[in-house]
Amino acid sequence: MEGHFDDEFREVADVFRNQIAATDGGASVAVYHRGRLVVDLWGGVRNSEGDRWQRDTLAMCWSTTKGVTATCAHVLADRGQLDYDEPVATYWPEFAQNGKAQITVRQVLSHSAGLHRLGTIIDHGSRILDWEHMTDALARAKPAYPPGTQVGYHALTFGWLVGELVRRISGMSLDEFLRKEIAEPLGLDGLYIGCPPEQRHRVAPLEPMSPAFRGLTAPVGNFVFNQVTRGLHVLRSPVNPHRLLNAALSRGIEDVVADPRLLDAAVPAMNGHFDAVSLGAMYAMLAGGGQLGGVRILSEETVRKASTIQNSQRDRIIVMTMQWRLGYHRLPLVHKQLPRAYGHFGFAGSGAFADPEHNLALAMVCNRGQGTPFGDLRILRLSQAVARSVRSPRYFDLNDGFQG
């Protein structure tokens, strides 16, 4: 493990050190408190050749990308160019097809638009590399339920739905908008959708998907999923594996993940390439009421709106109550210690969050891990450690007058 940390956050460093020792990949973690970088650590290896992980190593962060994508939309809302309660079709007229004329931006950002299906709107996973194909497919799609009546995690479709709004309004692609409107003003060089050619030497390749995972999209895997789904339905279980599979995967997508063309494309719910310091800085901006280091990206009012809980229903895709905000979710296992915190975690272990109560942010990126659609135990344990650090009596003693 390399880097530095403030003594008050020693427990975060201890947890991270143990994680690095227990895995064969690499990772980095950054914690900001009151706008200051108080934990900046990295360790392990970034590829099969054994090259050491560096401070500026980039990792593809899967669903963690959705929080960054949502923040781009909030920049437009802050400027009055995007209204959360306006129909999506106001900005994207073709979207009004198939009963979607009244779906609002708020419903899209809070996963209640009923447009979570991926596997049934494309014929092969390679389609996700084609922006126009995906936005056309979503414009033609029919909601799975009356919009606003249920909550269903838009595991991949979220990216094109929100990204196309950004493109239509700003005239810029999402990756260009992120660079010009968030990364450059904050001085960040590790916050990308896709990855520019000149930055690819920094990328830590992902661990190949396991044979079991690849088998989920094969005919036999689909058959097994269908049978399990039917059995659970008979038992009146809320768990529906087929629904999750349809939202997150399609035939051939496992090959796309290993395809170099993924670096050239924008898949804004999946292929964000971040380093921990840059990702953490974006969330530190949110934790600080829309500004960091004297640079204001959002107004305090827009941050408040973006972080307000929109629904508390059980999500029909992942069968948990996520308390969706506008593009962010609550923190599993930490919501009682940090009740106002919100962020987005991702498959394979990465994640980030902001806590306005303590002006606190944490980000972790890695290249090894499987886990759930919302990360694995590593990001949760780091979150618990940072929560204990800012809430401990020792921390209060060391920071006289702090009332967080």
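Above this note sits the structure.
Residues numbered from 1 in each chain as written. Predicted model: local features only at pLDDT ≥ 70, side-chain atom pairs only at ≥ 80, totals over all residues. Heavy atoms only, no water.

Trainee: What exactly am I supposed to notice about the nonpolar core here?
Mentor: With 93 residues, the main nonpolar core has I128, L191 and L286 as its most contacted residues. In terms of residue count, the dominant contributor to this core is helix 11 (residues 276–287) (10 residues). Those residues in contact with I128 that lie beyond four places of it in its chain are I122, M134, W160, I253, V256, V267 and M270. (Core = buried A, V, L, I, M, F, W, Y, C linked by side-chain atoms within 4.5 Å. Buried < 20%, exposed > 50% of the residue type's maximum accessible area, 1.4 Å probe, protein only. Helix = DSSP H or I, 4+ residues; strand = E, 2+ residues; numbered from the N terminus. Contact = heavy atoms within 4.5 Å.)

Trainee: Any chance you could explain the packing of helix 2 (residues 64–78) against helix 11 here in plain terms?
Mentor: When two helices pack together, their arrangement is captured by the angle between the axes and the distance separating the axes. Running from N to C, helix 2 and helix 11 cross one another at 50°; their axes reach a closest spacing of 11 Å. Comparing the axis directions of helix 2 and helix 11 gives the class oblique. In terms of crossing hand, the pair formed by helix 2 and helix 11 is left-handed. Across the interface between the two elements, T64, G67, V68 and T71 of helix 2 pack against L279, M282, Y283, M285 and L286 of helix 11. (Axes fitted to C-alpha atoms, helices over the stretch in contact; angles between N-to-C directions. Parallel < 35°, antiparallel > 145°, perpendicular 65-115°, else oblique. Left-handed = near helix turned anticlockwise from the far one by under 90°.)

Trainee: Would you mind going over the pattern of salt bridges with me for this structure?
Mentor: Should their charged atoms come close, side chains of opposite charge can pair. Tallying each qualifying case throughout the model produces 19 salt bridges. Between D7 and R10 there is a salt bridge, and its shortest N-O distance comes to 2.9 Å. Among the residues examined, D7 registers a relative accessible area of 34% and is labelled partly exposed. We classify R10 as partly exposed; its relative accessible area is 41%. Across the pair D264 and R200 runs a salt bridge, and its minimum N-O distance is 2.5 Å. Pair noted here: D264 is in the loop between helix 10 (253–257) and strand 6 (272–274) and R200 is in the loop between strand 5 (191–193) and helix 7 (211–214), with a separation of 64 residues, a long-range link. Beyond isolated ion pairs, a larger network of salt bridges with shared partners links E94, E164, R167 and R168. (Salt bridge = Lys/Arg side-chain N within 4 Å of Asp/Glu carboxyl O.)

Trainee: Looking at this structure, I do not really get unusual backbone geometry. What am I missing?
Mentor: Where the residue is not glycine, phi is negative for most of them; where a peptide bond is considered, it is trans in most cases. Notably, R34 is not glycine yet its phi reads approximately 55°, a positive angle. Within the secondary structure, R34 is located in the loop between strand 2 (26–33) and strand 3 (36–44). Given a relative accessible area of 41%, R34 falls into the partly exposed group. Positive phi, close to 55°, is recorded for N98, a residue that is not glycine. Tracing the backbone shows N98 in the loop between helix 2 and helix 3 (105–109). Using a relative accessible area of 44% as the deciding quantity, one classes N98 as partly exposed.

Trainee: Hey, could you run me through empty space enclosed by the protein in this one?
Mentor: Any empty space left between the atoms is revealed when a probe the size of a water molecule rolls over them. Here the structure, examined in full by the defined rule, presents 2 cavities of 30 Å³ or more. Its volume calculated, the second largest cavity comes out at about 40 Å³. If you go around the second largest cavity, the residues you meet are F16, Q19, I20, T23, A27, M364 and R378. When residues of the lining of the second largest cavity are assigned to their parent elements, the largest contribution, 3 residues, is made by helix 1 (residues 10–22). Classifying every residue of the lining of the second largest cavity by side-chain character gives 4 nonpolar, 2 polar and 1 charged. (1 Å grid on protein atoms, 1.4 Å probe; cavity = no way out; pocket = protein on both sides within 12 Å on 5 of 7 lines; lining within 4 Å. Points joined across faces, edges and corners; volume = space filled by probe spheres on them. Nonpolar A, V, L, I, M, F, W, Y, C, P; charged D, E, K, R; others polar.)

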